[in-house]
There are 2 protein chains.
Amino acid sequence: MAQDMTLLWGSGSPPCWRVMIALEEKNLQGYNQKLLSFEKMEHKSQEVLDINPRGQLPSFKHGDIIVNESYAACFYLESQFKSQGNQLIPDSPEEQARMYQRMFEGLSFYEKLNAVIYYNWFIPEDERHDSALQRNREALVTELKLWEGYLQKLGSGSHLAGPTFSLADVVVFPTVATLFRFGLSAETYPKLGEYHALLKERPSIKASWPPHWLENPKGQDTLNDI
Amino acid sequence: MAQDMTLLWGSGSPPCWRVMIALEEKNLQGYNQKLLSFEKMEHKSQEVLDINPRGQLPSFKHGDIIVNESYAACFYLESQFKSQGNQLIPDSPEEQARMYQRMFEGLSFYEKLNAVIYYNWFIPEDERHDSALQRNREALVTELKLWEGYLQKLGSGSHLAGPTFSLADVVVFPTVATLFRFGLSAETYPKLGEYHALLKERPSIKASWPPHWLENPKGQDTLNDI
């Protein structure tokens, strides 16, 4: 039981979800947690700022140790609980290299997704340009094709770094799930569709599925023509 | 000697510099390397694309293993050459947590720097807005104050994760050096100034200092009023 840990999080936030998957994988259930609302701006509340001066979620504490950045928290948990739960960094140099590589390419993937689905949220109205949104959509398509290619090359039933689930899946799966939540077509992107279908049944991922997605299973159609 | 390694890089690129510092710290000198020009678009050449489908520098190979993302390459090198050269991940949980946390905050730091100094490079002319650039400048100032605070708290002569040099310094120092290259005032940001002065004498950093900065020691003044 992880009673010396506290997680402040928001539903549907890929960075928060990463940390929750890592906690499940390391058998760290029973941590203190509080679901906050981005819409109500609760991520800027004093409760969050006390842990995280950036006013962002996730905010995560283990005893007196604070690790708020989602990738940092995942690395930290794997390092501190190496022999507990599932091993998340593979032993073989090839798989390990691929894991690191995909994790950091995953940041571009996430950024390119956000630049399309949250364009109006990030860019003030009088600074928006159809040409910019169009460019962002094209960059996302290019990115999607790269990941289709990576999965194609590894073969059916594979994870992102190879045969076993790793930190690459912990950090990138929430991006993939968000793509499908926002209408991505599994017919146009069959390998990503297969990967999504495989991983959404994994216990750590089922246990941490965004509650507002469960309440309202129908997502958006922002990406259905991409 | 690291004759089974190849690095394609560009001068003054913080991501390339990170990998070069990590290689020096792990005593991996003598690798094959080629300095390419961003201005001549050599990062989009076939030679790069053969290693890196994103057409970006650094592009890095160790035998048949490809790890192009700079953070990925740094993690990979530390993991594969753990007992060679300097240990770059501290043992204590507190320092390790701080190292991970600062590494990933370092990505925001780098992004906020780029959003100011390369605004005109990234944004097509008819999509530029003074309001956006002004907002980016304010975001950079907020970010700079955070890092001043972190260094202030750790005390003089400290590195980013604590008393010893770590991966956090490997990945964040090139951002700090770029800030000063673009005119940041060490009077306005004294802790960052002190950190910069301390680390620029470190052998791994001196050995990998951007050659075009050496040739032309005078930088830009983009940030001198920030």
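Predicted model, so just to flag it, every value in this text is computed and none were measured.

Rules used throughout
Residues numbered from 1 in each chain as written. Chains lettered and ligands numbered in written order. Predicted model: local features only at pLDDT ≥ 70, side-chain atom pairs only at ≥ 80, totals over all residues. Heavy atoms only, no water. Buried < 20%, exposed > 50% of the residue type's maximum accessible area, 1.4 Å probe, protein only. Helix = DSSP H or I, 4+ residues; strand = E, 2+ residues; numbered from the N terminus. Arc of directions from axis to C-beta. Contact = heavy atoms within 4.5 Å. Salt bridge = Lys/Arg side-chain N within 4 Å of Asp/Glu carboxyl O. UniProt positions renumbered as here; feature names shortened; annotations may be inferred. Phe/Tyr/Trp six-rings, centres within 6.5 Å; stacked < 30°, edge-to-face > 60°. Lys NZ or Arg CZ within 6 Å of the ring centre and 35° of its normal. Buried area = accessible area lost by both parts, 1.4 Å probe. Polar contact = N/O pair within 3.5 Å; in protein donor to acceptor, adjacent residues only side chain to side chain. Nonpolar A, V, L, I, M, F, W, Y, C, P; charged D, E, K, R; others polar. Least-squares fit on C-alpha atoms with pLDDT ≥ 70 in both. Expected span 1.5 Å × (residues − 1). Pairing = 2+ DSSP bridges. Right-handed = clockwise from strand over helix to strand, strands pointing away.

**Here's the deal with helix α8 (residues 190–199) of chain B**
All names here are of chain B. Every buried residue of α8 is accounted for by L192, G193, Y195, H196 and L199. Down the axis of α8, the buried side of the element spans an arc of 165 degrees, and every buried residue falls inside it. The inward-facing, buried residues of α8 abut α6 (130–154), α7 (167–181) and α9 (203–207).

**Digging into the environment of A:A2**
Residues and elements named next belong to chain A. Along the chain, the position of A2 falls in the segment before β1 (5–10). On the basis of relative accessible area, A2 is assigned to the buried category, the value being 1%. Separated by 48 residues in sequence, A2 and D50 place their C-alpha atoms 21 Å apart. Those residues within four positions of A2 in sequence are excluded, and the remaining contacts are L28, Q29, G30, Y31 and N32.

**Observations regarding the pattern of salt bridges**
Here the structure, examined in full by the defined rule, presents 24 salt bridges over all chains. The closest approach of N and O atoms between A:E47 and A:K34, which form a salt bridge, is 3.0 Å. In this pair, A:E47 is assigned in helix α2 (residues 46–51) and A:K34 in strand β2 (residues 32–36), connecting sequence segments 13 residues apart. Overall, A:K34 belongs to the partly exposed group, its relative accessible area being 39%. Between B:E201 and B:K206 there is a salt bridge, with the nearest N and O atoms lying 3.3 Å from each other.

**Things to note about the UniProt feature "domain: GST N-terminal" (unreviewed entry) in chain A**
When the UniProt feature table is mapped onto this chain, "domain: GST N-terminal" (unreviewed entry) is found at residues 3–85 of chain A. Note that residues 3–85 of chain A is 35% helix and 20% strand, and that its end C-alpha atoms are spaced 17 Å apart.

**Some remarks on the packing of aromatic side chains**
A full pass over the atoms with the stated rule returns 32 aromatic pairs over all chains. Aromatic side chains A:Y71 and A:F104 sit 5.8 Å apart centroid to centroid with 50 degrees between the ring planes, which places their arrangement in the tilted category. One end of the pair, A:Y71, is in helix α3 (residues 70–80); the other, A:F104, is in helix α4 (residues 93–117), and 33 residues separate them in sequence. The residues A:Y71 and A:F104 share a single accessibility class, namely buried. A network of ring pairs unites the aromatic residues A:Y71, A:F75, A:Y100, A:F104, B:Y71, B:F75, B:Y100 and B:F104 as a single cluster. Geometry around B:Y110 places B:R18 over its ring, the cationic atom sitting 4.8 Å from the centre. Across from the ring centre of B:Y150, 3.5 Å away, lies the NZ or CZ of B:R102, which sits over that ring.

**Notes on the interface of chain B and chain A**
Tallying the contact residues gives 35 residues for chain B and 35 residues for chain A. Taken over both partners, the interface formed by chain B and chain A buries close to 2,900 Å², and the fraction arising from carbon and sulfur atoms is 56%. When the buried surface of chain B facing chain A is broken down by residue, B:R54, B:F104 and B:E127 rank first, second and third, together holding 22% of it. At the junction of chain B and chain A, the tally comes to six salt bridges. When the shortest N-O distance is used, the salt bridge between B:E105 and A:R54 registers 2.8 Å. Viewed at the interface, chain A and chain B are joined by 19 residue pairs in polar contact (both at pLDDT 80 or more). Elements supplying a minimum of two residues to the side of chain B that touches chain A: α3 (70–80), α4 (93–117) and α6 of chain B. In terms of residue count, the dominant contributor to the side of chain B that touches chain A is α4(B) (12 residues). Residues of the side of chain B that touches chain A, tallied by class, amount to 17 nonpolar, eight polar and 10 charged.

**Considerations on the side chain of A:S166**
Residues and elements named next belong to chain A. Assignment of secondary structure puts S166 in the loop between α6 (130–154) and α7 (167–181). Take S166: its relative accessible area is 0%, and that puts it in the buried class. Those residues in contact with S166 that sit more than four places away from it in its chain are L88, P90, M99 and A161.

**Quick word on the relation of the copies chain B and chain A**
For the pair chain B and chain A, the best superposition has an RMSD of 0.0 Å and corresponds to a rotation of 180 degrees with a translation of 0.0 Å parallel to the axis. Taken together, the rotation and translation relating the two chain copies correspond to the operation of a two-fold axis. Identified as the residue of chain B closest to the rotation axis by C-alpha distance is B:E127, at 3.8 Å. Taken as a fraction of all interface residues of chain B, those also at the interface in chain A reach 100%, which identifies the copy contact as same-surface.

**Re helix α1 (residues 14–25) of chain B**
All names here are of chain B. In this model α1 runs 16 Å from its N-terminal to its C-terminal C-alpha over 12 residues, within 8% of the 16 Å that 1.5 Å per residue would give. Buried within α1 are the following residues: P14, P15, C16, W17, R18, V19, M20, I21, A22, L23, E24 and E25. N27 sits one or two residues past α1 and shows a positive phi near 55 degrees.

**A look at the pairing of strand β2 (residues 32–36) of chain B**
All names here are of chain B. Of the strand pairs in this sheet, strand β1 (residues 5–10) and β2 are connected by five bridges, and their pairing is parallel. Paired with L8 across the two strands is K34, which belongs to β2. Between β1 and its parallel partner β2, the chain crosses via α1, and the hand of that crossover is right-handed.

**Overview of the sheet that holds β2(B)**
With mixed pairing, the four strands of this open sheet are ordered in space as β2-β1-β3-β4 (chain B). The sheet is open, and its two borders are formed by β2 and β4 (65–66) of chain B, each paired with just one other strand.

**Some remarks on the UniProt feature "domain: GST C-terminal" (unreviewed entry) in chain A**
Mapped onto this structure's residue numbering, the UniProt feature "domain: GST C-terminal" (unreviewed entry) falls at residues 92–220 of chain A. Summarising residues 92–220 of chain A: 69% helix, 0% strand, and an end-to-end C-alpha distance of 40 Å.

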